[in-house]
Structures are given as C-alpha cells and as structure tokens.
Amino acid sequence: MAVKTLLSEDQMPKQWYNIAPDMPEGSLKPPLNPATGEPVGPDALAPLFPMSIIMQEVSTERYIDIPEEVQEIYKLWRPTPLIRAMRLEKALDTPAKIYFKYEGVSPAGSHKPNTAVPQAYYNKEAGIKRIATETGAGQWGCSMALATQMFGMECTVYMVRISYGQKPYRRSMMQVWGAEVFASPTDRTNSGRAILEGDADSLGSLGIAISEASEDAATHDDCNYALGSVLNHVLLHQTVVGQECKQQMEIAGVYPDIVIGCIGGGSNYAGLAFPFMKDRLEGKKNVEFLAAEPSSCPTVTKGAYTYDFGDALASTPLFMMHTLGHDFIPPGIHAGGLRYHAMAPLISALVDAGHMSAVAYGQTEIFDAAITFARAEAIIPAPESSHAIKAAIDKALACKESGEEKVILFNLSGHGHFDMSAYDAYLSGKLTDYAYPEEKIRESMAKIPKMG
Ligand SMILES: *Cc1c(COP(=O)(O)O)cnc(C)c1O
C-alpha cells in the first residue's frame, strides 16, 4: 500500500478556489467603517495593499488564475505530499484511515509561503519596492522574507521583542533571505515611540508590531503592508493545498469523512478545507469539518460572533468574525501562531452557518499528541499543527470505540524544528497548562464595539 501520494509539477492547480460565491446565502457580512457603520469600499485598503489584492479580497469569481511567475516559485516545493499515517493508525490500533497533507516541506517550514509568494508578486507588479510586515514567532516573517527575496524586493520585519530574543534562528533565517529585522517596539515609528515612552522595556506584542508595520507602509509610497492570515485573499491563496489534496485522495481512491486543521487566523485550515467544503455546500458530500484551537486563546469555542477590529489599536475596519476582543493578549503558549484574538470572517461564517465546528485543547495534551505522532510518523510537528494532530487522534480513537472505518484527513501545517525549546520544556516536565483566562476575556469582550 502506498504511504505517499505525490503529484507531478504539471498537476499543480493553475487557479485558486474562491469560496465566496458558494457561501450560504446571506452569510457574508461586509467589513464596516467604525466611524460611520457603513460598508467600506475597496479604496479604504489602498494605502496598504495593491489594487490587484484588494480585488481578490472582494472577488466573487469562483476560480482565479495563479500567475505563472507564482507557479514557478511554488514548484520549488509544491506539489506537497499527501501521506497515509499507517504507522500512527497501527499505534492507535484504530480501524480509521488517517491521512495528512504535509506543508512543512516549504523552505520556510510551513504553509505560509503559499500566500507570501503571490502577495510579493502582486506588490512588485504594482511597482512596490519594499514590504513591511510583523511577525510573532517568526513563521510569517520568514515566509515574507523568502518571497520578497525571490522577486528582488526589500523586506522590513517588525518582530515582537520577546520573540526576537527567544527565537534567534528564525531571525537569522529572515536575514539570510535579505530582510531587515527590528525588535518591536522600535523608535522608527510613531506607534513604537509612543509605546517606548510609556515603557522603555516593553516586550512588544503582535498588535503593536502590526501597528508599526502598517504605519511604515502607510507613510512610504514605495512600501506596502502584508498580512499572513485572516483576510479573504490569504485564504484564497492557501486553497492550492486543498485542491492538490483532492486530486491526491482521488488517486488514493478515498474521500475524507472528516477534515481537520488547526486555526490561528484560519488560513491553513481554510486552504485544506474549502475545496472539500464546496462539495458539502453543493450537497454532494456530507463531510464533517473540525477546527482545533488552543484553550488559552479559544476564539471560536468561547468568543462572540460579532463585528470587531482586526488589530489591538482599533485602527482597521470592523470585521464580522469570532473574537475575544481586539485588545485580548493571550498567554504565552508555545503555539505562537495560534495567538490571535479573532478568526477569518470566512471560517467564522461557516461555523455560524453550522458547516464547521471547533474544539479547544490545552498545551500539554497537544504535546502528548505531537510526541505520539513523531514517534510513529517520524516528522516532528509544529506546536500549532499538533492541535490538528490531537483532534485527528481523538477522532481515530472514537472510531476504535465504534468500529467505524472513517477516513480522517488533517493538515500538517508545519514542522517544529525551530520549536525545540518548547519540546525541551515538555520533555523536562516544565511545560504548564494555562488556566482559561476567563477574567481577561470578559474584560476585552466588554470593549467590543456595538454595531448593527
Ligand atoms: C502561522 C501558523 C499557523 C496558524 O495560522 P493559520 O492562518 O490559522 O493557518 C498554523 N500552523 C503553522 C505551522 C503556522 O506557522
């Protein structure tokens, strides 16, 4: 039996799949201007993004061509393998068939270059010379540094100060690919200086770094901003994952009963899930969709589905999404990529319409799952991806109870080679579970603007 299903370069999708026209009637709510409560037009985003990306953000075309230049760079690591986790099935003694799509084979080690590359491409096309962006744990900064390097552009990364010190190799990786990396807050922007005046030793936060990067872009004509998750165009670019996967499952002669992924802002899961969701929305297949998030940042399982800001400083339009409140700062869990206060509007709308559900896990149980997986399948997973692994293992164990031979598919969004200090903490018994930050969530949710 084949363990891996591979595609050739010429089987790589030539279009992205846009789920917008297939969304349930009335489920998509437009972003609003917080001052007027009116829907924002495309030009509200023009200081930050090129028009080609803004048009993708609001597009209702079902399929959008992937530019050839982008396809050529995708081919450096795509198509990625679909792997049947037979050794994990055996270790769990389950009748379920477990498959995973492995996005850790990209040069940056995760799915994020799938959108960093087209974002760099469209900005270059628009005459932009430099991209300013933020990074927390470093995955997105590395992906953007890689993408800008491929197109001969410059890249400025505002890296949350605490991570700048804790993840020196992620920083080096960005520098190898030619990016300039600053520990945020910096004294280069008004936002950074304002924070430093209040607290000269500020450790920074993703919200502050977003404010610095977007200010840099808004105040320099040849510089734009780029975001690694949440927005519609980012999820669109990631659908190359699920489209490949659908072909691969067809070759393997199976169709998933359950599609699983971890969610931070929702992009890797949307990328895998949306091409399968199309079949469900068309009434062709009754697939179950399950998203896994950290219990210390339980955006979908405990948040409100309402209009809120996308950033901590309340400077973006209002998006209809699951949110814990825009100024919620989650505990410092090792799955840094899942520490976002809100969720992609497309994912939120599908949950609200009953087409997806979510589950939350604590930090030690996801590392238990990561170790089980690494010992069976050899790959050391990213802590973020380990939330998906945990959900897949739980589903496989339920099949063992019921005797059902379900086909379980999950996205392995990245490897954990830069997360070994987290594994070290786990293996030496120092990893702790954070209590659900109920009080902090109540406080931040009270500050959600009242709209509509
Ligand atoms: C950033 C990241 C995530 C979370 O982001 P999404 O937009 O929810 O996909 C998940 N896994 C890995 C490996 C990441 O780097």
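This report concerns the structure included in the present document. (Residues numbered from 1 in each chain as written. Predicted model: local features only at pLDDT ≥ 70, side-chain atom pairs only at ≥ 80, totals over all residues. Heavy atoms only, no water.)

## A look at the sheet that holds strand β8 (residues 180-184)
The strand order β8-β7-β6-β9 describes an open sheet built from 4 strands, whose pairing is parallel. In this open sheet, the two strands that pair with only one neighbour each are β8 and β9 (223-225). Strand-to-strand twist in this sheet, taken as the mean axis angle between neighbours without regard to direction, amounts to 25 degrees. Here strand β7 (residues 154-160) pairs with β8 via 5 bridges, running parallel. The residue of β8 that forms the bridge with V160 is S184. In this fold helix α5 (residues 139-150) packs onto β6 (130-135) and β7, with an angle of close to 165 degrees to the strand it touches most, β6. Packing against the sheet, helix α9 (residues 206-218) makes contact with β6, β7, β8 and β9, and its axis sits at approximately 170 degrees to β6. (Pairing = 2+ DSSP bridges. Helix = DSSP H or I, 4+ residues; strand = E, 2+ residues; numbered from the N terminus. Axes fitted to C-alpha atoms, helices over the stretch in contact; angles between N-to-C directions. Contact = heavy atoms within 4.5 Å.)

## Thoughts on unusual backbone geometry
Across the junction of R78 and P79, the peptide omega takes the value -10 degrees, indicating a cis bond. Counting through the fold element by element, P79 comes out in the loop between α2 (68-74) and β4 (82-84). Note the cis peptide between S184 and P185, where omega equals 10 degrees. Here P185 is to be found in the loop between β8 and α8 (190-198). Even without being glycine, D93 reaches a positive phi, approximately 55 degrees. Mapped onto the secondary structure, D93 falls in the loop between α3 (86-92) and β5 (97-102). Positive phi outside glycine occurs at A378, with the angle close to 75 degrees. With respect to the secondary-structure elements, A378 resides in the loop between α14 (363-377) and α15 (383-402).

## Considerations on the nonpolar core
Ranked by internal contacts, the top residues of the largest apolar core, which has 89 residues, are F274, I347 and M356. Discounting chain neighbours no more than four positions away, the residues touching M356 are Y269, A273, F274, M277, F289, I347, L350 and V351. With 40 residues, the next largest nonpolar core counts Y361, F373, L412 and L431 among its residues. (Core = buried A, V, L, I, M, F, W, Y, C linked by side-chain atoms within 4.5 Å. Buried < 20%, exposed > 50% of the residue type's maximum accessible area, 1.4 Å probe, protein only.)

## Quick notes on the pattern of salt bridges
Under the counting rule described, the total for this entry stands at 18 salt bridges. Put simply, D327 and K447 hold a salt bridge, and the shortest N to O gap is 2.6 Å. In this pair, D327 is assigned in the loop between β13 (318-323) and α13 (345-352) and K447 in the segment after α17 (438-446), connecting sequence segments 120 residues apart. For D327, a relative accessible area of 29% corresponds to the partly exposed category. Among the ionic pairs, K406 bridges to E404, the shortest N-O distance being 3.9 Å. A relative accessible area of 25% places K406 in the partly exposed class. You can call E404 partly exposed: its relative accessible area is 38%. Within this structure, R78, K101, E103 and E244 form a network of salt bridges that share partners. (Salt bridge = Lys/Arg side-chain N within 4 Å of Asp/Glu carboxyl O.)

## Some words on the environment of S205
As for its position among the elements, S205 is in the loop between α8 and α9. C-alpha of S205 to C-alpha of F182: the two residues are 23 residues apart in sequence and 13 Å apart in space.

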